[in-house]
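# Working through the structure, step by step
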Amino acid sequence: MATLTGSSSGLSMHLETTEPGLQVYSGASFDEGPRIGLGGQPYGPYSGVALEPQVWPDSINQQGFPSAVLRKGQTYRHVSRYVFQRED
């Protein structure tokens, strides 16, 4: 689904999932002032990224998209796996 690689560290994170879509959050909304993170480190806009596997956000309105409706008695299951590697 996605791969992120740190240019200086050589560390890669691979995301594998059974979901058809991916929502990506860039941290752009951190513009209302710094957020304090680990060790007191301030995080500003674009200081991080989040990957959220899911069905397509507009699938309820699109005939050709996988259904996002879960009916009474149905079970929803998906698998997401994050694999980390260091490129040497």
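Heads up: these notes are all about the structure in this document. (Residues numbered from 1 in each chain as written. Predicted model: local features only at pLDDT ≥ 70, side-chain atom pairs only at ≥ 80, totals over all residues. Heavy atoms only, no water.)

### Side note on the overall build of the protein
- Tallying secondary structure elements over the protein gives 0 helices and 7 strands in all.
- Each helix and strand of the protein, placed in order from N terminus to C terminus, yields the pattern β-β-β-β-β-β-β.
- Taking 12 Å as the expected radius of gyration for a compact globule of 88 residues, we find that the protein reaches 17 Å, considerably beyond that expectation.
- Reported as C-alpha extents along the three principal axes, the dimensions of the protein are approximately 45 × 40 × 25 Å. (Helix = DSSP H or I, 4+ residues; strand = E, 2+ residues; numbered from the N terminus. Rg over C-alpha atoms; globule rule 2.2 N^0.38 Å.)

### Here we look at the environment of glycine 10
- Its location among the elements puts glycine 10 in the loop between strand 1 (2-5) and strand 2 (11-17).
- Measuring from C-alpha to C-alpha, the distance between glycine 10 and glutamine 85 comes to 8.2 Å, with 75 residues separating the pair along the chain.
- Aside from chain neighbours lying at most four places away, what touches glycine 10 is Gln85, Arg86 and Glu87. (Contact = heavy atoms within 4.5 Å.)

### Examining the side chain of serine 12
- You can see serine 12 is positioned in strand 2.
- When neighbours within four sequence positions are excluded, serine 12 is seen to be in contact with Leu4, Thr5, Val83, Phe84, Gln85 and Glu87.

### Considering the pairing of strand 2
- In this structure, strand 1 lies alongside strand 2, joined through 4 bridges in antiparallel fashion. If you follow leucine 4 over to strand 2, its bridge partner there is methionine 13.
- In this structure, the hairpin formed by strand 1 and strand 2 is closed by a connection of 5 residues, where glycine 10 is found at a positive phi of approximately 75°.
- Note: strand 2 against strand 7 (residues 80-86), 7 bridges, orientation antiparallel. Bridging across to strand 7, leucine 11 finds its partner in arginine 86. (Pairing = 2+ DSSP bridges.)

### Some thoughts on the environment of glutamate 52
- Note that glutamate 52 resides in strand 6 (residues 50-54).
- With relative accessibility at 37%, the residue glutamate 52 sits in the partly exposed group.
- Put simply, glutamate 52 and tyrosine 82 are 30 residues apart on the chain and 12 Å apart in space, counted from C-alpha to C-alpha.
- When residues no more than four places from it in sequence are discounted, the contact partners of glutamate 52 are Gly21, Leu22, Gln23 and Tyr25. (Buried < 20%, exposed > 50% of the residue type's maximum accessible area, 1.4 Å probe, protein only.)

### Observations concerning the side chain of serine 59
- Residue placement: serine 59 occurs in the loop between strand 6 and strand 7.
- Overall, the relative accessible area of 5% leaves serine 59 in the buried class.
- Beyond its immediate stretch of four places on either side in the chain, serine 59 contacts Phe65, Pro66, Ser67 and Ala68.

### Thoughts on unusual backbone geometry
- In this structure, tyrosine 46 is a non-glycine residue whose phi angle is positive, near 65°.
- Secondary-structure assignment places tyrosine 46 in the loop between strand 5 (42-43) and strand 6.
- A residue is classified by how much of its surface remains accessible, and tyrosine 46, at 60% relative accessible area, is exposed.

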